[in-house]
Amino acid sequence: MNIYSSCEFNKKIILWRKLLDLKELFNDGEWIIGGDFNAIKDRNERKGRMEVTNFNELNYFADFIEESMLVDIPCKGKKFTWYSGYGKSRSRIDRFLVSDKVVNEWGVVVQFVGDRDISDYCPIWIEVDNNNWGPKPFKFNNEWFSFKSFVPFVEREWKGLKVEGRMDYVLKEKLQLLKGRLKWWNKEVFGRIDLEIEEGVKEINLGDSMLDLEAKDIHPDIIKKRKECSIISLKLIQLLLHGHNPTIIRQYLINKSVFNHRDES
């Protein structure tokens, strides 16, 4: 069950009560409740400007978890799941709560908080034994369709792929080969937007890591770089959401030295 809770305390209480009622109706089921609870159960799960905590809310949330008889499995990876744009505030407001049945039968061992992308939120997932949920899905950029040459390129590449065997095997192998060709096309034709964003994301996560460690000797340049990357990341989101042509987005990146652009000419 996916959760996206309100920021208002009264509405959170209503949500938690409804979840408890639902859990009581299907108590023997396999339960996985995950998402943004917009709440913490311990003071250490929030740092920064928003560190002032509503202890009443904190206790209510902790009681909800206990009463639900769901397991807040151990967390690894990053310490927090949400960071403000400049990193001055950070919280662990996202988590998974699972039933004992899921823990025992699935072999759940940990919930892992990964590095964030240009979002303020970090991805979080459940790991089973020493395995994860499988290969990461291939990222398809809808903006590729804005290039007239894209569809003909895909059709030409698909027809040119020669694989023999069973139909299911042929399909799997051709998709894998096409994935490699799409990566090449994205880099050489569409431009280096993804690579530029990735460089900025690395800077943001480096700053996050230093903040998580509460290092007192953080070099001012790291914080400055992180702030600049956060500003540009927000601008990129605005450009993408408003459907701007990739050429405009790419030019914006070129004009910003914070992303180490490399000349493609």
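Residues numbered from 1 in each chain as written. Predicted model: local features only at pLDDT ≥ 70, side-chain atom pairs only at ≥ 80, totals over all residues. Heavy atoms only, no water.

### Quick notes on the sheet that holds strand 2 (residues 32–36)
Taken in spatial order, the three strands line up as 1-2-7 in an open sheet, and their pairing is mixed. In this open sheet, the two strands that pair with only one neighbour each are strand 1 (2–4) and strand 7 (94–98). Taken pair by pair, the neighbouring strands of this sheet meet at an average axis angle of 20°, ignoring direction. Pairing between strand 1 and strand 2: three bridges, direction parallel. For Tyr4, the partnering residue across the bridge sits in strand 2 and is Asp36. (Pairing = 2+ DSSP bridges. Helix = DSSP H or I, 4+ residues; strand = E, 2+ residues; numbered from the N terminus. Axes fitted to C-alpha atoms, helices over the stretch in contact; angles between N-to-C directions.)

### Some details on helix 1 (residues 9–25)
A rise of 1.5 Å per residue sets the reference length of helix 1, with its 17 residues, at 24 Å; its end C-alpha atoms lie 25 Å apart and thus fit the reference within 8%. Within helix 1 the residues assigned to the buried category are Phe9, Lys12, Ile13, Trp16, Leu19, Leu20 and Lys23. Across the axial projection of helix 1, the buried residues extend over an arc of 125°, all falling on one side. Pointing more than 90 degrees away from the buried face of helix 1 are the exposed residues Asn10, Arg17, Lys18 and Leu25. Looking at the buried positions of helix 1, the neighbouring elements they touch are strand 1, strand 2 and helix 2 (55–68). (Expected span 1.5 Å × (residues − 1). Buried < 20%, exposed > 50% of the residue type's maximum accessible area, 1.4 Å probe, protein only. Arc of directions from axis to C-beta. Contact = heavy atoms within 4.5 Å.)

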